[in-house]
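Here are the chains, one letter per residue:
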Amino acid sequence: MGSPIKEEHKIGLVPATLMVAGNMMGSGVFMLPANLAAVGSISLIGWLITIVGAISLALVFAKLAAIYPAAGGPYAYARRAFGDYIGYQTNLVYWLANVIGNVALITAGLGYLTHFFPPLKDPLTFAMAQVAMVWLLTYANVLGPRTVGRIQSLTTGLVLLPILGTAIFGWFWFDQQNFTSSWNVSGKSDPSAIMASLTFTLWAFIGVETASVSAAVVKDPTKNVPIATVGGVILASIAYVLSSSVIMGMLPNQELISSSAPFADAARLALGNTAANVVALCAAIGCIGSLGGWILLVGQSAKAAADDGLFAALFARTNNKGVPTGGLTLVAVLMSVLILTTISPTASQQFGKIASVAVIMTLMPYIYSAVALRVLAYGKMPPQQYGLFTVILLIAAVYCLVALVGSDGQQTRWSLIFVIATVIFYALILNRRRSVEEKHFLPGGPEPAWVHYFTLFATIAALCLFFWFSVGQYPDLELRLRAPNPSGHHLERHIEP
């Protein structure tokens, strides 16, 4: 087995809470007011319904973490409750969905920077910047969970600055007429409009499982993981509801619907162009920084499965800080390949569809986790508490099923096909699983010495390539920007169905 993570290298309660909130908010929070404007301010009711479901899901993960504080989150709970195959299926779906989703996240984050750095409008330069950020944040993960925790705390703080700033001070520019006149502009009945708003709001809480997946890198996980999970959801909920509501009163409905940066437009209305630029910069840094937390999740989920013999041994290899660097390096390579193969506009559109399917697939581990609580909590809680959590887990499961019902039908079909196909991959890995059970070998072990240096070299090389493609050097030794070309649409992590 690899080196266990020492206590001094783990993250505390505050970084864990901010990681949960930051991973949920990601990039999607900055476009939510514009998305919801197409329904109207009646979406406030949709938010309240969604928050009930999200808090139920948070309580499910909090209770699971308390009674079974194992690393791996949904994978660990599904495997313990339903056996190896469901555990393997959960982990493969969750791992692949996040690898693809992480590429969409870095695309959205760098998309905010094109206003400040025009060379990013060139597709090749933009791709090089994506690759550079992927390897830079992968190397930050190699340095240890505390490094990622510090980055996540800083970047989540920058995300919360414009969101909470708008939520608190935006009321000075709130126009009640704007809010009430756009109550329901969907052309549907009020119940139908609320259901339509759920399509957007339900996706805003993807990432609620962050702390439970990362239990192995959190100090005192039995105590801190539940608090971080519920605290992160509450923090995100406050930010979502207040900021969306106030912006719907600050900006006229038609203007908000067509806005590509609603928070920046609200800041411009209140404080001018400089404030709008600050908001856009905070959004970019927040999106890019949250990638560090999502990379950590991918690594920890795969490591938990590899330790059980249900994933390749490479994912269990760790450095002296307990970080699964072999698996993280492979993930960085896969993400880089995805980025470079989707440079063309046509490929980018296809990737957008794949990313949408990946986001839909993340709901399946949530449903498994909710139902697993009923199994794992049996005999470990007083009858009344067990009955209460049965109701809570049913609300959480229905919450996820409603999200699936509201998703694009074709994308949901492809998600289901992939889930069924996991049985083929499971059959291929069964022999390795049996070898681990029979003690023929132990999974994992220390990482090869070259992995750390390879990751560092790849980071430096990616940054140098980005510098070359964005600036270039001419014989007169003067640095000039390369001529930019228009770039395509930038994806977001919370891709709406």
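What counts and what doesn't
- Residues numbered from 1 in each chain as written.
- Predicted model: local features only at pLDDT ≥ 70, side-chain atom pairs only at ≥ 80, totals over all residues.
- Heavy atoms only, no water.
- Helix = DSSP H or I, 4+ residues; strand = E, 2+ residues; numbered from the N terminus.
- Buried < 20%, exposed > 50% of the residue type's maximum accessible area, 1.4 Å probe, protein only.
- Areas by Shrake-Rupley, 256 points an atom, 1.4 Å probe, with all protein chains shown as cover.
- Salt bridge = Lys/Arg side-chain N within 4 Å of Asp/Glu carboxyl O.
- Phe/Tyr/Trp six-rings, centres within 6.5 Å; stacked < 30°, edge-to-face > 60°.
- Contact = heavy atoms within 4.5 Å.
- Polar contact = N/O pair within 3.5 Å; in protein donor to acceptor, adjacent residues only side chain to side chain.
- Expected span 1.5 Å × (residues − 1).
- Axes fitted to C-alpha atoms, helices over the stretch in contact; angles between N-to-C directions.
- Parallel < 35°, antiparallel > 145°, perpendicular 65-115°, else oblique.
- Left-handed = near helix turned anticlockwise from the far one by under 90°.
- Nonpolar A, V, L, I, M, F, W, Y, C, P; charged D, E, K, R; others polar.
- Core = buried A, V, L, I, M, F, W, Y, C linked by side-chain atoms within 4.5 Å.

Enquirer: Would you explain the overall build of the chain in this entry?
Expert: Counting its regular elements, the chain contains 20 helices and two strands. Counting over 497 residues, the chain shows a buried share of 58%. A total of about 19,600 Å² of accessible surface is found on the chain, and carbon and sulfur atoms cover 68% of it.

Enquirer: I would appreciate a short explanation of the pattern of salt bridges in the present structure.
Expert: Opposite charge on two side chains lets them pair, provided their charged atoms get close. Taken as a whole, this structure holds four salt bridges when the rule is applied. Residue Asp84 pairs with Arg79 through a salt bridge whose shortest N-O separation is 3.0 Å. Asp265 serves as the salt-bridge partner of Arg268, at 2.8 Å between the closest nitrogen and oxygen. With Arg268 and Asp265 both in helix α13 (residues 262-271) and three residues apart, this pair spans about one turn of that helix. Accessibility expressed as a relative area gives 37% for Arg268, which makes it partly exposed. In this structure, a network of salt bridges that share partners links the residues Arg79, Asp84 and Asp308.

Enquirer: I would appreciate a short explanation of the packing of aromatic side chains in the present structure.
Expert: Two descriptors summarise a pair of aromatic rings, namely the distance from one centre to the other and the angle between the planes of the rings. The full count for this structure, using the stated rule, is 18 aromatic pairs. Here the aromatic rings of Trp95 and Phe315 are separated by 5.6 Å at their centres, their planes lie at 85°, and the arrangement is edge-to-face. Taken together, the positions of Trp95 in helix α5 (residues 84-111) and Phe315 in the loop between α14 (273-307) and β1 (317-318) put the pair 220 residues apart, joining distant regions of the chain. Note on accessibility: Trp95 and Phe315 belong to one class, buried. Centre to centre, the rings of Phe311 and Phe315 are 5.1 Å apart; their planes meet at 50°, and the pair counts as tilted. Residues Phe311 and Phe315 agree in their burial class; the two are buried. An aromatic cluster is built from Tyr85, Tyr88, Trp95, Phe311, Phe315 and Tyr426, whose rings are joined through pairwise contacts.

Enquirer: What is the right way to look at the environment of Thr125 in this model?
Expert: Assignment of secondary structure puts Thr125 in helix α6 (residues 123-142). Residue class for Thr125 comes out buried when judged on its relative accessible area of 1%. Residues Thr125 and Phe469 lie 344 residues apart in sequence; the distance between their C-alpha atoms is 5.5 Å. Residues contacting Thr125, with those up to four places away along its chain left out, are Pro119, Leu120, Phe466, Phe469 and Ser470. Among the polar contacts listed, one links the side chain of Thr125 to the side chain of Asp122, at a separation of 2.9 Å.

Enquirer: Could you clarify how one ought to interpret the side chain of Thr455 in this entry?
Expert: Along the chain, Thr455 turns up in helix α20 (residues 449-470). Looking at Thr455, its side chain comes within polar contact range of the side chain of Thr329, at 3.4 Å. If we skip the residues at most four places from it in the chain, Thr455 touches Trp135, Thr138, Tyr139, Val142 and Thr329.

Enquirer: Mind showing me how you'd approach helix α1 (residues 13-25) here?
Expert: Residues separated by three or four positions in an α-helix point in the same direction, a consequence of the helix having 3.6 residues per turn. With 13 residues, α1 extends 18 Å between its outermost C-alpha atoms, agreeing within 8% with the 18 Å of an ideal straight helix rising 1.5 Å per residue. Counting buried positions over the 13 residues of α1 gives ten, a clear majority of the element. Of the residues making up α1, those classed as buried are Ala16, Thr17, Leu18, Met19, Val20, Ala21, Gly22, Asn23, Met24 and Met25. Its buried side turned inward, α1 meets α7 (145-169), α10 (210-213), α11 (221-250) and α14.

Enquirer: Quick question: what am I supposed to make of the side chain of Asn98 here?
Expert: Inspection of the secondary structure assignment puts Asn98 in helix α5. A polar atom in the side chain of Asn98 sits 3.1 Å from the backbone oxygen of Tyr94.

Enquirer: Please explain the environment of Val398 as it appears in this structure.
Expert: Summarising the element assignment, Val398 is placed in helix α18 (residues 383-405). We classify Val398 as partly exposed; its relative accessible area is 49%.

Enquirer: Help me understand the packing of α1 against α11 in this model?
Expert: Two numbers describe a pair of packed helices, the interaxial angle and the distance between the axes. Running from N to C, α1 and α11 cross one another at 45°; their axes reach a closest spacing of 8 Å. The angle between α1 and α11 falls in the class oblique. Taken as a pair, α1 and α11 cross one another with a handedness that is right-handed. For the pair α1 and α11, the contacting residues are Leu13, Ala16, Thr17, Leu18, Val20, Ala21, Met24 and Met25 in the first and Asn224, Ile227, Ala228, Thr229, Gly231, Gly232, Val233, Leu235, Ala236, Ala239 and Tyr240 in the second. Looking at the contact of α1 with α11, its residues break down into 14 nonpolar, five polar and no charged.

Enquirer: Can you walk me through the nonpolar core in this structure?
Expert: Note on soluble globular proteins: their nonpolar side chains tend to be buried together. Judged by nonpolar contacts, the single largest core of 151 residues is most densely connected at Met25, Phe205, Tyr240 and Phe311. In terms of residue count, the dominant contributor to this core is α14 (17 residues).

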